[in-house]
Amino acid sequence: MIRIAKHTRKSGMTLMEVVIALGIIGFILPIIIAATTSTGNARRNAEADTRSAWLARHIQTQIIAKWAEPPIESEIDSDYTFPENAATESSVVLLYDREGSFLTMGTDADLNSQCKVPKAVFVASATAEFQSDSLALVSITISHPANVLPSKRGSYQYKFLTTRKGIL
């Protein structure tokens, strides 16, 4: 009796199946990485946008407290006076951490170059200009992150018109 050998198939993948699987992975992996990166950037930008609006309102209250007569305690410890005439322009720089907590007063160097203050994430600058009848136009610029060059920062602009007491 002659025995015919049966071909048994061993489990595994053929070369063609491996090539197809690598092609699919090579196509999909960059798409997943790109989507993850853009989602992370969008989340950070949305968080910074929300935080900057909160900081602008907070800075507005600090400015009005500083201008009150008599002045109310404020984070602004410099001589930040109400602009009395068109020739007077007053400005201030403030530094905040990631959560929006006040760190310290900043300088023009923090505004115009990389900020060296540890934990500083937001750089806020407020400039007040005399308008008329004791009104001042306050422009607040909030930029982030603080530890990069100003040209690489995201920036948000806010403006409000106020009297010395904060009432229009």
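Our subject is the structure listed above.
If you tally the helices and strands in the chain, you get 2 helices and 5 strands. The proportion of buried residues among the 168 residues of the chain is 32%. The contacts in the chain between residues at least 6 apart in sequence include a share of 53% that link residues at least 24 apart. Here the chain has roughly 11400 Å² of accessible surface; of this, 59% comes from carbon and sulfur atoms.

Right, let's talk about unusual backbone geometry for a bit. Between H144 and the following residue, P145, the backbone shows a cis peptide bond with an omega angle of -15°. Along the chain, P145 falls in the loop between strand 4 (136–144) and strand 5 (154–162). Located in the positive-phi region is K119, a residue other than glycine, with phi close to 70°. Along the chain, K119 falls in the loop between helix 2 (108–112) and strand 3 (122–130).

Turning our attention to the nonpolar core. The biggest cluster of nonpolar side chains holds 24 residues, and the ones touching the most others in it are I59, I63, W67, Y80, L94 and I142. Going through the elements one at a time, helix 1 (15–67), strand 1 (89–96), strand 3, strand 4 and strand 5 are the ones with two or more residues in this core. Tallying contributions element by element places helix 1 first for this core, with 6 residues. The residues touching I142, leaving out its near neighbours within four places in the chain, are S52, L55, A56, I59, F122, V123, A124, G154, S155, Y156 and Y158. Counting residues in hydrophobic clusters, the runner-up holds 6 residues, among them V93, L95, C115 and A146.

The subject of this paragraph is the pairing of strand 4. Burial of strand 4 is extensive: 8 of the 9 residues sit out of reach of the surface. Pairing of strand 3 with strand 4 involves 8 bridges; the strand directions are antiparallel. Pairing of A124 across the sheet is with I142, part of strand 4. Direction of pairing for strand 4 relative to strand 5: antiparallel, over a ladder of 9 bridges. Its bridge partner lying in strand 5, T141 is registered against Q157.

Take a nonpolar patch on the surface next. Nonpolar side chains collect at one region of the surface, where M16, I20, I24, F27, I28, I31 and I32 lie side by side and expose about 720 Å² of accessible area between them. Secondary-structure assignment places I32 in helix 1.

To continue, consider the side chain of H58. Residue placement: H58 occurs in helix 1. The class for H58 is buried, based on a relative accessible area of 18%. Setting aside chain neighbours within four positions, we find H58 in contact with E75 and Y96.

Along the chain, the position of S125 falls in strand 3. Along the sequence, S125 and T107 sit 18 residues apart, while their C-alpha atoms lie 9.5 Å from each other. Contact partners of S125, with chain neighbours within four places excluded, come to V92, V93, L111, S139, I140 and T141.

Applying the stated rule across the entire model yields 1 aromatic pair. Ring geometry for Y96 versus F102: centroids 5.7 Å apart, planes at 70°, classification edge-to-face. When its relative accessible area of 26% is taken as the criterion, F102 is described as partly exposed.

Reading the values: the criteria
Residues numbered from 1 in each chain as written. Predicted model: local features only at pLDDT ≥ 70, side-chain atom pairs only at ≥ 80, totals over all residues. Heavy atoms only, no water. Helix = DSSP H or I, 4+ residues; strand = E, 2+ residues; numbered from the N terminus. Buried < 20%, exposed > 50% of the residue type's maximum accessible area, 1.4 Å probe, protein only. Contact = heavy atoms within 4.5 Å. Areas by Shrake-Rupley, 256 points an atom, 1.4 Å probe, with all protein chains shown as cover. Core = buried A, V, L, I, M, F, W, Y, C linked by side-chain atoms within 4.5 Å. Pairing = 2+ DSSP bridges. Patch = residues over 30% accessible without salt bridge, like charges linked within 9 Å, V, L, I, M, F, W, Y side chains within 5 Å. Salt bridge = Lys/Arg side-chain N within 4 Å of Asp/Glu carboxyl O. Phe/Tyr/Trp six-rings, centres within 6.5 Å; stacked < 30°, edge-to-face > 60°.

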